[in-house]
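As a plain string of letters, each chain reads:
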Amino acid sequence: MRIPFLNLKQQYEKLKEEINSVVLKTLESGWYILGKECEIFEQKFKEYLAGESNGFVIGVNSGTDAIRISLITAGVKAGDEVITVANTAIPTVSAICSVGAIPTFCEIDGDTWLIDHKEVKKLITKKTKAIIPVHLYGYCADMNNICSIANEYNLAVIEDVAQACGTTYMNKKAGSIGDYGAFSFYPTKNIGACGDGGAIFVKSETDYEKIKMLRNYGQNSKYYATKENGMNSRLDEIQAAILNVKLAYLDDWNKLKKELALKYINCIDSLNLPLQYQKGYDGVNPAYHLFVVKLKKGNRNSLINYLALHGIEALIHYPVPLYKQEAFKKYKTDELTVTESLMKSIISLPFHQYLGIDEVEYIFETLRAIYYGKSD
Ligand SMILES: *Cc1c(COP(=O)(O)O)cnc(C)c1O
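Residues numbered from 1 in each chain as written. Predicted model: local features only at pLDDT ≥ 70, side-chain atom pairs only at ≥ 80, totals over all residues. Heavy atoms only, no water.

Colleague: I would appreciate a short explanation of the sheet that holds strand β4 (residues 128-131) in the present structure.
Modeller: Each strand in a sheet pairs with its neighbour through backbone hydrogen bonds, running either in the same direction (parallel) or in the opposite one (antiparallel). The strand order β1-β9-β8-β5-β4-β2-β3 describes an open sheet built from 7 strands, whose pairing is mixed. Each edge of the open sheet carries a strand with a single partner, namely β1 (56-60) and β3 (102-106). Strand after strand, the sheet turns through a mean of 25 degrees between neighbouring axes, direction not considered. Relative to strand β8 (residues 180-184), strand β5 (residues 156-160) runs parallel, the two sharing 3 bridges. The partner of Ile158 across the bridge, within β8, is Tyr180. Strands in contact with helix α2 (residues 36-50) are β1, β8 and β9 (198-202); relative to β1, the strand with the most contacts, it is inclined by about 130 degrees. (Pairing = 2+ DSSP bridges. Helix = DSSP H or I, 4+ residues; strand = E, 2+ residues; numbered from the N terminus. Axes fitted to C-alpha atoms, helices over the stretch in contact; angles between N-to-C directions. Contact = heavy atoms within 4.5 Å.)

Colleague: Would you mind going over the site of the ligand with me for this structure?
Modeller: Taken together, 16 residues surround the ligand, and among them Gly63, Thr64, Asp160, Ser184 and Lys189 come closest. Note that an oxygen atom of the ligand is positioned 2.7 Å from one of the side-chain N or O atoms of Ser184. Lys189 places a side-chain nitrogen or oxygen 2.7 Å from an oxygen atom of the ligand. Protein coverage of the free-state accessible area of the ligand, which is 390 Å², stands at 91%. Taken together, the elements giving at least two residues each to the shell around the ligand come down to α3 (63-73) and α4 (90-98). Broken down by class, the residue content of the shell around the ligand amounts to 6 nonpolar, 8 polar and 2 charged. (Near = heavy atom within 4 Å. Polar contact = N/O pair within 3.5 Å; in protein donor to acceptor, adjacent residues only side chain to side chain. Areas by Shrake-Rupley, 256 points an atom, 1.4 Å probe, with all protein chains shown as cover. Nonpolar A, V, L, I, M, F, W, Y, C, P; charged D, E, K, R; others polar.)

Colleague: Can you walk me through the environment of Val292 in this structure?
Modeller: Structurally, Val292 is set in strand β14 (residues 291-295). Here the alpha-carbon distance between Val292 and Leu349, two residues 57 residues apart in the chain, equals 6.3 Å. Leave out the neighbours within four places in its chain, and Val292 touches Trp113, Tyr137, Gln276, Tyr277, Gln278, Ile346, Ile347 and Ser348.

Colleague: Help me understand the packing of α2 against helix α8 (residues 237-270) in this model?
Modeller: Packing of α2 against α8 brings their axes to within 7 Å, and their N-to-C directions diverge by 25 degrees. By the angle between their directions, the pair α2 and α8 is classed as roughly parallel. The handedness of the crossing between α2 and α8 is left-handed. On the side of α2, the interface is formed by Lys36, Glu37, Cys38, Ile40, Phe41, Lys44, Phe45 and Tyr48, while α8 contributes Glu237, Ala240, Ala241, Leu243, Asn244, Leu247, Leu250, Asp251 and Asn254. A per-class count over the contact of α2 with α8 returns 10 nonpolar, 2 polar and 5 charged. (Parallel < 35°, antiparallel > 145°, perpendicular 65-115°, else oblique. Left-handed = near helix turned anticlockwise from the far one by under 90°.)

Colleague: What is the right way to read the nonpolar core from this model?
Modeller: In globular proteins that are soluble, nonpolar side chains generally tend to be buried together. Among the nonpolar cores identified, the biggest contains 85 residues, and Phe45, Tyr264, Phe291 and Phe364 are the most heavily contacted of them. The element contributing the most residues to this core is α8, with 10 residues. Beyond its immediate stretch of four places on either side in the chain, Phe291 contacts Ala261, Tyr264, Ile265, Ile268, Tyr277, Ile347, Ser348, Leu349 and Phe351. Counting 25 residues, the second largest nonpolar core, distinct from the first, contains Ile67, Val99, Tyr180 and Ala182. (Core = buried A, V, L, I, M, F, W, Y, C linked by side-chain atoms within 4.5 Å. Buried < 20%, exposed > 50% of the residue type's maximum accessible area, 1.4 Å probe, protein only.)

Colleague: Just checking my understanding: could you explain a nonpolar patch on the surface for this structure?
Modeller: A cluster of nonpolar residues, Leu24, Leu27, Tyr32 and Ile33, forms a patch on the protein surface that exposes about 360 Å² of accessible area. Relative to the helices and strands, Leu27 is located in helix α1 (residues 8-29). (Patch = residues over 30% accessible without salt bridge, like charges linked within 9 Å, V, L, I, M, F, W, Y side chains within 5 Å. Salt bridge = Lys/Arg side-chain N within 4 Å of Asp/Glu carboxyl O.)

Colleague: Can you walk me through the pattern of salt bridges in this structure?
Modeller: Side chains bearing opposite charge may pair, as long as their charged atoms lie close to each other. Inspection of every chain in the model, using the stated rule, returns 9 salt bridges. Close ionic contact of Lys16 with Glu13 constitutes a salt bridge, the shortest N to O distance being 3.9 Å. Here Glu13 and Lys16 lie together in helix α1, a separation of 3 residues that amounts to about one turn. You can call Lys16 partly exposed: its relative accessible area is 34%. The partly exposed category is assigned to Glu13, whose relative accessible area is 38%. Shared partners join several salt bridges into a network, and the residues in it are Lys9, Glu13 and Lys16.

Colleague: Help me understand the packing of aromatic side chains, please; the structure alone is not making it clear to me.
Modeller: Aromatic ring pairs: the centre-centre distance and the angle between the two ring planes describe each pair. A full pass over the atoms with the stated rule returns 15 aromatic pairs. Ring centres of Phe45 and Tyr48 lie 6.2 Å apart, and the angle between their planes is 5 degrees; this geometry places the pair in the stacked category. With Phe45 and Tyr48 both in helix α2 and 3 residues apart, the pair spans about one turn of that helix. Exposure remark for Phe45: the relative accessible area of 0% places this residue in the buried category. (Phe/Tyr/Trp six-rings, centres within 6.5 Å; stacked < 30°, edge-to-face > 60°.)

Colleague: Sorry, what's going on with the environment of Thr206 here?
Modeller: Assignment of secondary structure puts Thr206 in helix α7 (residues 205-214). When its relative accessible area of 61% is taken as the criterion, Thr206 is described as exposed. For the pair Thr206 and Ala150, spaced 56 residues apart in sequence, the C-alpha to C-alpha distance is 20 Å.

Colleague: What am I meant to see in unusual backbone geometry here?
Modeller: When glycine is set aside, most residues are seen to have a negative phi, and most peptide bonds are trans. In this model, His317 is joined to Tyr318 through a cis peptide bond whose omega is 10 degrees. Take Tyr318: it is sitting in the loop between α9 (300-309) and α10 (337-344). Backbone geometry places Tyr217, a non-glycine residue, at a positive phi of 65 degrees. Relative to the assigned elements, Tyr217 resides in the loop between α7 and β10 (219-221). Taking the relative accessible area as the measure of exposure, Tyr217 reaches 45% and is therefore partly exposed. The backbone of Asn272 sits at a positive phi, close to 55 degrees, despite the residue not being glycine. With respect to the helices and strands, Asn272 occurs in the loop between α8 and β12 (275-277).

Put into structure tokens, the structure is as follows:
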């Protein structure tokens, strides 16, 4: 059996008619930037995240820009410090550096693999302006504690929700809890565009107005700029139209992925596999994005090679702590032992909403055979 990590074409095939039709309609409309589709998406996505309560969504060009624009809007400037984690996708930190700010890497919790609020306080200095909790693999950070620290020290909270679209925390959607929620619609995410896309959720109308200008050259009306640090970061009409189609399926997909994750967890427990899986904080209902396991013993590369030999594609999200990478080495940090121990020994198993039960059984029979030998 061959089980690729992810098959995006499969997702497209299922929605082919709907997607083709809205793409053609958009092409024929003759309006490609900042039009109806983007407006509709912003409205629908705002309702998805916050229902009737306060809030605004602004479509942007990517998740990276969503973080970058949130930082600028929060007033983070060159030389300011921003606290985040080292076990995340590169863009969390490249967005911080892109505004000239300094990333401060915080230790994670060994069970949830997310930012450890007890460590956050120790890193706060006079220069600290913001915290970026990353809701990794679909699990939401400990937002009550993060937000209360942020309140105490007057810091902005920018949620990196790229991997947690649909996750809830105490019945609120992840991304609607802090000051800014930065979403990515990179094709592999829980809701992905057929290209790049992103969005920002904000509660404050002032922030909303500011972000609308920033994403569009800094102009406040046509040909009149009021923000010097404006850029071009718009969610285009074709991507917005595709996202409008997909948003209607997001909860169903997340439900299927949750059932799949529970199956994985059940297999690990019942087969007594030496694999640790991620735990959630109280009140979290995760929209699983990846299914990552930490090896309690054995060599990760041999496991990946063995799985590959049996047709199963496993990946690593992510292999090297960001402060150990050339780009970010200069931001000195103490060695983060929990982070390093995790990143040394994790693998991501194939995981998507169309994975069949026979495929799941095959993956776990293969894993069982590795640790306990072939059955019969
Ligand atoms: C995907 C991702 C991003 C960046 O999103 P892009 O849309 O590719 O710019 C940021 N943070 C995390 C944690 C991600 O997984």
